[in-house]
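Letter by letter, the chains look like this.
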Amino acid sequence: MLNAERKRTILLLIPIVLVLVGYVLYPSIETLIESFKKNGAFSLQNYGDFFGSKAASNLEALWNSVYISLLSVFFSALIGIPLAYIFNRYDFPGRQFFSNIAIMPIVLPSLVGVMAFMFLYGEAGLVPNALKDLFHLSEVPFSIGGISGILLVHAYTMYPYFYMTTSSALNNIDPSLEEAAYNLGSSRLSVFWKVTFPLLTPGLVAASLLVFMVSMASFSAPYLLAGGFRVLSLQIYFSKTNGDLDMAATQSVILSVVSIAFLLFMRWFQNRKDYRMASKGIGAHRSEVSNPLLKWSMVSLGIIAMIVLLLPHVTLLVLSLVPEGAWTWQTYPQAFSFENFRLLFEDTNIWDPVRNSLIMAAIACGGVFVFGIITSYALVKRTFIGKNLLDILVMIPWALPATVVGMNLILAFNEPSAFSFGKVLVGTFWILPLAYFVRFIPLVVRSTNAVLEQMDDSIEEAAQNLGAKWFYTFRRVVLPYIMPGVLSGSLLAFVQAVGEFPTSVLLYTLGNRPISIEIMNQLRMFNLGQAAAYGMIQVGLIAIVLFVSYKFFGVKSENTL
Amino acid sequence: MSTVNLSTITKRFGNVTAVKELDLKIKEGEFFTFLGPSGCGKTTTLRMIAGFYYPTEGKVKFNEKDMTTVPPEKRNTGMVFQNYALFPHMTVYENVAFGLKVRKTDKKETRSRVEDVLNKVRLGQYIDRQVSQLSGGQQQRVALARALVIEPDILLLDEPLSNLDARLRDEMRNEILRLQREYGITTIYVTHDQVEALTMSDRIAVFNFGECQQVGTPSEIYNKPVNDFVAAFIGETNLFSIKPDKEEEGTAVFQSADFDKSIYVDHTEENIASYAEGEELVMSIRPEAVRILKDSVDGNNVFKGKVSLVQFTGASVHTYIEMENGAQIRATDLNHGPSTYLKEGTSVSFQLPQNQIRVIPKAGE
Ligand SMILES: Nc1ncnc2c1ncn2[C@@H]1O[C@H](COP(=O)(O)OP(=O)(O)OP(=O)(O)O)[C@@H](O)[C@H]1O
Ligand SMILES: [Mg+2]
């Protein structure tokens, strides 16, 4: 159309493309190239090794990853769907409260969550040992570890995906649809199977795919709980620590292929026509439970669920009060104090990781804040050739497991390149903020897109019509409009970066070790209290951010995932 | 204030031609309306004047100054969008002051001008409200104030009343007219509501399929449509295909398959539109011009039929009459009480006054 418009679009696209190519595409390609190299020459040897009999462990790990992920989907759905149905369709005392508690697992960063589960249900955990003492058993009655541990943690941390999609789908179903079916003579059960369930399917499929991808990428749970059990994301880490970069690259490529295949499948599925309808004035309708027996069993179910769900948080809080040396070989902690928190501010060794995490997360957060605004604006409000491609490029870091993102960066920046200004980044401070930045691009872009798509084009045109130039319009009209979305996305990126473990463990140096690495160190030294105190800092930060986002930007925590 | 001059403007989107070879001259201070069915290119034309689209061919001029490729922010037009496009994160004051701020008007003057215009649209006491807390009609007035306060050369309104209920719409029509007269701004108004167009406009342009069919005053458009599209689109009418037969001292005679006798029409410019040789012709007679006769009289254009339906609409009564060969005609009369309603099935005569018939060519397509 007009040259000035086109010039502006191109000016916007230049930095976006540079960053995406430099820090997303180029590292992925480096990994791909590396996977085809053996001793510096091109070969298919790595893939031969992966699938061949020589390294059966790789194939086993792939298989384990897939099968754990499938089971995770199954168990998450098994918990999430009925819980959502009960809490959204029946009214009983405390319903609102229980349904708020139901999404509490999302405030636990994965490493901290796993740690809490270990404290609770591990071999030396509080619950098995309490049972042992209570019933005077000679052995702990059960403990988690290996597959069962991973699955339990996955089900706990991932069922909210099902819970939230089912809840929102249920609330969006026009009650008159179900009423129409009753009116036509259907029974309760057949209404559920014939009307409600089909309307829920699109959301459920999306949640299943999401949980599958997240479990494939899961790192913290297997890292702490797997024992001898192999999964692919962990194998990458082992290959890297053994110095076998070629194999790590190959494993990364294979894990990426699986994940990206799922991402594409998900996009395809979501773009398919679904049967959601826009009907006006829908309100969730809940049947009041009048049968007292049923009512009180629902309340008790709510209470039990609440205890189970909050136990990890409570454990973390309690253990963070256990000073060093007060819980090593003993069954129960011996003393409580604020020692761990005091040390945070007095011992620089203890404070350093917190400072590192905050600084690095802040840098990454600033980066995604600016980059997210520009990218989202270009994607939503500008037309240009190759937009779809750009969109996919933006979403790649989301589809790639964190371990793979870490490997990509290692392989790209362990030698000087134009994108690192001719420096080797691996082993420096900057590699970690960069990794966090790459990891959380999609999060900010998505949350900004959501707001920007709501903004009618005519708003910008109105400003122009009143005589405002493009930049003035952008600054005074567009920016203030999208700020809630950008800020909540960036804040969430910030707290997730503070808790980020998989990329940290691949890329940290002694100088910039973040909180999650220090948690591992403290666990290794059996200083469980200090580890829990670090965990509490992360939980506290997340809780504050979610609260602020909700209170001041009106963003529901559900929408930010 | 300025004139707007569109010369042979064409706008294509891919292979869709939204506006085709449009020629328009809008005078200074005029209230000019674009009228036409959905998708006929009204918004597209308006957006070319505002500068959001650039014509594929042709020129846009304000006061003889070529504006064809001038960006929107340099045109000094004030636009009221169909959805108002108020800035949701700003108060009423901030919304209205936006254009003045861009123009670097000093603070004191901005304040007084904003207050002034808000009083004019009767929103003085809402100055510090958030725009989301206003009713639809109030939001529309803020949009209007925001466009007016910059003292635009041209005011552009794209269906600004379509979201309002009937009462409020009536009120707002008067409000807009009052303000337009007060400021004397050249105004272009887009609507597909014909009553709105007829009551408000100095002149109207009727569009169909991206082509301007006719430009004229409301009375010209209604009484002297240039083709059957305009005749049928504006107001109600009866249309019949006719063929020229002969001329008799000041009267043209036509034949129609729908009528058993010849039709006589005064041969004046009022009654017979210009048409080319061989064009298909149509005659249009407004229902209020059809005269139902109590007693059978002799004379030109008197026909017989049976009443097939009587519709009572309040102020007026529609009577549908079916002729022997099946053609139907509608007559509308003011309501004179139940005793005057005809019974269905009654045989009646009716006359088509020969100075009220309009002979027009069929529109292309
Ligand atoms: N940006 C666009 N891209 C492609 N086609 C367009 C675009 N804008 C308008 N059109 C097409 O141009 C034609 C005219 O559209 P326009 O919006 O001007 O109609 P309108 O007269 O304003 O209709 P309405 O009364 O429904 O608002 C339509 O066929 C429309 O589909
Ligand atoms: Mg329109």
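Here is what the cut-offs are and how they apply
- Residues numbered from 1 in each chain as written.
- Chains lettered and ligands numbered in written order.
- Predicted model: local features only at pLDDT ≥ 70, side-chain atom pairs only at ≥ 80, totals over all residues.
- Heavy atoms only, no water.
- Helix = DSSP H or I, 4+ residues; strand = E, 2+ residues; numbered from the N terminus.
- Buried < 20%, exposed > 50% of the residue type's maximum accessible area, 1.4 Å probe, protein only.
- Contact = heavy atoms within 4.5 Å.
- Areas by Shrake-Rupley, 256 points an atom, 1.4 Å probe, with all protein chains shown as cover.
- Buried area = accessible area lost by both parts, 1.4 Å probe.
- Salt bridge = Lys/Arg side-chain N within 4 Å of Asp/Glu carboxyl O.
- Near = heavy atom within 4 Å.
- Polar contact = N/O pair within 3.5 Å; in protein donor to acceptor, adjacent residues only side chain to side chain.
- Axes fitted to C-alpha atoms, helices over the stretch in contact; angles between N-to-C directions.
- Parallel < 35°, antiparallel > 145°, perpendicular 65-115°, else oblique.
- Left-handed = near helix turned anticlockwise from the far one by under 90°.
- Nonpolar A, V, L, I, M, F, W, Y, C, P; charged D, E, K, R; others polar.
- Domains from an automatic or database assignment.
- Pairing = 2+ DSSP bridges.
- Phe/Tyr/Trp six-rings, centres within 6.5 Å; stacked < 30°, edge-to-face > 60°.

**Looking at the overall build of chain A**
Turning to step 1, where the next piece is worked out: Per the secondary structure count, chain A includes 23 helices and four strands.
Turning to step 2, where the next piece is worked out: For chain A, with 561 residues in total, the buried portion stands at 53%.
Turning to step 3, where the next piece is worked out: The long-range fraction of contacts in chain A, counting pairs at least 24 apart against all pairs at least 6 apart in sequence, stands at 75%.
Turning to step 4, where the next piece is worked out: Surface accessibility of chain A: about 25,200 Å² in total, with carbon and sulfur atoms responsible for 66%.

**Some remarks on the environment of A:Met213**
All names here are of chain A.
Turning to step 1, where the next piece is worked out: With respect to the helices and strands, methionine 213 occurs in helix H9 (residues 188-217).
Turning to step 2, where the next piece is worked out: On the basis of relative accessibility, which here comes to 7%, the residue methionine 213 falls in the buried class.
Turning to step 3, where the next piece is worked out: Look past the residues within four positions of methionine 213 in its chain and what remains in contact with it is Ser259, Phe262, Leu263, Trp398 and Ala399.

**Some remarks on the interface of chain A and chain B**
Turning to step 1, where the next piece is worked out: At the junction of the two partners, chain A supplies 19 residues and chain B supplies 26 residues.
Turning to step 2, where the next piece is worked out: Summed over both partners, the interface of chain A with chain B comes to about 2,100 Å²; 64% of that surface belongs to carbon and sulfur atoms.
Turning to step 3, where the next piece is worked out: Here chain A and chain B share one salt bridge between them.
Turning to step 4, where the next piece is worked out: Its salt-bridge partner being B:Arg47, residue A:Glu461 comes within 2.6 Å of it at the nearest N-O pair.

**A short note on unusual backbone geometry**
All names here are of chain B.
Turning to step 1, where the next piece is worked out: Of note in this structure, glutamate 21 is not a glycine but carries a positive phi near 40 degrees.
Turning to step 2, where the next piece is worked out: Residue placement: glutamate 21 occurs in strand E2 (residues 16-26).
Turning to step 3, where the next piece is worked out: Located in the positive-phi region is glutamate 64, a residue other than glycine, with phi close to 70 degrees.

**A short note on the site of ligand 1**
Residue and element names in this part refer to chain B.
Turning to step 1, where the next piece is worked out: In the neighbourhood of ligand 1, the contacting residues comprise Phe13, Ala18, Ser38, Gly39, Cys40, Gly41, Lys42, Thr43, Thr44, Tyr53, Glu159 and His192.
Turning to step 2, where the next piece is worked out: Side-chain polar atom of threonine 44 to an oxygen atom of ligand 1: 2.4 Å apart, as the coordinates give it.
Turning to step 3, where the next piece is worked out: Residue histidine 192 places a side-chain N or O atom 3.3 Å away from an oxygen atom belonging to ligand 1.
Turning to step 4, where the next piece is worked out: Within the complex, the protein chains bury 63% of what would otherwise be the 640 Å² of accessible surface of ligand 1.
Turning to step 5, where the next piece is worked out: Considering every element that reaches the shell around ligand 1, the biggest residue donor is helix H1 (residues 42-50), with three residues.

**A word on the packing of helix H2 (residues 92-102) of chain B against helix H4 (residues 136-149) of chain B**
All names here are of chain B.
Turning to step 1, where the next piece is worked out: Where H2 contacts H4, the two axes come as close as 8 Å, and the packing angle between them is 25 degrees. Relative to H4, the element H2 is oriented roughly parallel. Regarding H2 and H4, the two cross each other, and that crossing is right-handed. Every residue of H4 that contacts H2 at Val92, Asn95, Val96 and Leu100 is listed here: Val142, Ala145, Arg146 and Val149.
Turning to step 2, where the next piece is worked out: Residues that form the contact of H2 with H4 fall into these classes: six nonpolar, one polar and one charged.

**Describing the domain arrangement of chain B**
Residues and elements named next belong to chain B.
Turning to step 1, where the next piece is worked out: Looking at the assigned domains, one finds that chain B contains domain 1 (4-228) and domain 2 (229-361).
Turning to step 2, where the next piece is worked out: The distance between the C-alpha centroids of domain 1 and domain 2 comes to 38 Å.
Turning to step 3, where the next piece is worked out: Counting from both sides, the interface comprises 18 residues of domain 1 and, opposite them, 17 residues of domain 2.
Turning to step 4, where the next piece is worked out: For the pairing of domain 1 and domain 2, the buried interface totals around 1,600 Å² over both sides, and the portion due to carbon and sulfur atoms is 61%.
Turning to step 5, where the next piece is worked out: Between glutamate 269 and lysine 224 there is a salt bridge whose closest N-O contact spans 3.0 Å.
Turning to step 6, where the next piece is worked out: Between the two partners, domain 1 and domain 2, sit 14 residue pairs in polar contact (both at pLDDT 80 or more).

**Some details on the pairing of strand E20 (residues 358-361) of chain B**
For a regular strand, side chains alternate in direction, first toward one face of the sheet and then toward the other.
Residues and elements named next belong to chain B.
Turning to step 1, where the next piece is worked out: Neither face of E20 is exposed, since Arg358 and Ile360 on one face and Val359 and Pro361 on the opposite face are all buried.
Turning to step 2, where the next piece is worked out: Strand direction decides the pairing type here: strand E14 (residues 281-285) and E20, joined by four bridges, are antiparallel. Residue pairing in the sheet places leucine 281 in a bridge with proline 361 of E20.

**Considering the domain arrangement of chain A**
Residue and element names in this part refer to chain A.
Turning to step 1, where the next piece is worked out: What the domain assignment lists for chain A is domain 1 (55-230 + 299-320) and domain 2 (342-561).
Turning to step 2, where the next piece is worked out: In total, domain 1 and domain 2 occlude about 2,100 Å² of area from one another, counting both sides; carbon and sulfur atoms represent 86% of this.
Turning to step 3, where the next piece is worked out: Among the residues of domain 1 in contact with domain 2, Val107, Leu111 and Phe219 are the three that bury the most area, contributing 23% of the side total.
Turning to step 4, where the next piece is worked out: Connecting domain 1 to domain 2 are zero salt bridges.
Turning to step 5, where the next piece is worked out: Joining domain 1 to domain 2, the criterion identifies zero residue pairs in polar contact (both at pLDDT 80 or more).
Turning to step 6, where the next piece is worked out: When residues of the side of domain 1 that touches domain 2 are traced back to their parent elements, those giving at least two are helix H5 (110-121), helix H7 (146-172), H9, helix H10 (220-225) and helix H13 (292-319).
Turning to step 7, where the next piece is worked out: Among the elements that make up the side of domain 1 that touches domain 2, the one with the highest residue count is H5 (four residues).

**What about the sheet that holds strand E13 (residues 263-266) of chain B?**
Residue and element names in this part refer to chain B.
Turning to step 1, where the next piece is worked out: The strand order across the open sheet formed by five strands is E13-E12-E11-E14-E20, and the pairing between neighbours is antiparallel. In the strand order of this sheet, the two ends are held by E13 and E20, each with one partner. Going across the sheet, the axis of each strand differs from the next one's by a mean of 50 degrees, ignoring polarity.

**Brief notes about the packing of aromatic side chains**
All names here are of chain A.
Turning to step 1, where the next piece is worked out: Tallied over the full model, the rule gives 35 aromatic pairs over all chains.
Turning to step 2, where the next piece is worked out: Here the aromatic rings of tryptophan 63 and tyrosine 67 are separated by 5.5 Å at their centres, their planes lie at 25 degrees, and the arrangement is stacked. Of this pair, tryptophan 63 and tyrosine 67 both sit in helix H3 (residues 56-89), four residues apart, which is roughly one turn of that helix.
Turning to step 3, where the next piece is worked out: Classification of tryptophan 63 as exposed rests on a relative accessible area of 53%.
Turning to step 4, where the next piece is worked out: For the pair phenylalanine 87 and phenylalanine 98, a centre-to-centre distance of 6.3 Å together with 20 degrees between the ring planes defines the contact as stacked. With a gap of 11 residues between them, phenylalanine 87 in helix H3 and phenylalanine 98 in helix H4 (residues 95-101) connect regions that are remote in the sequence.
Turning to step 5, where the next piece is worked out: Note on phenylalanine 98: relative accessible area 7%, which makes it buried.

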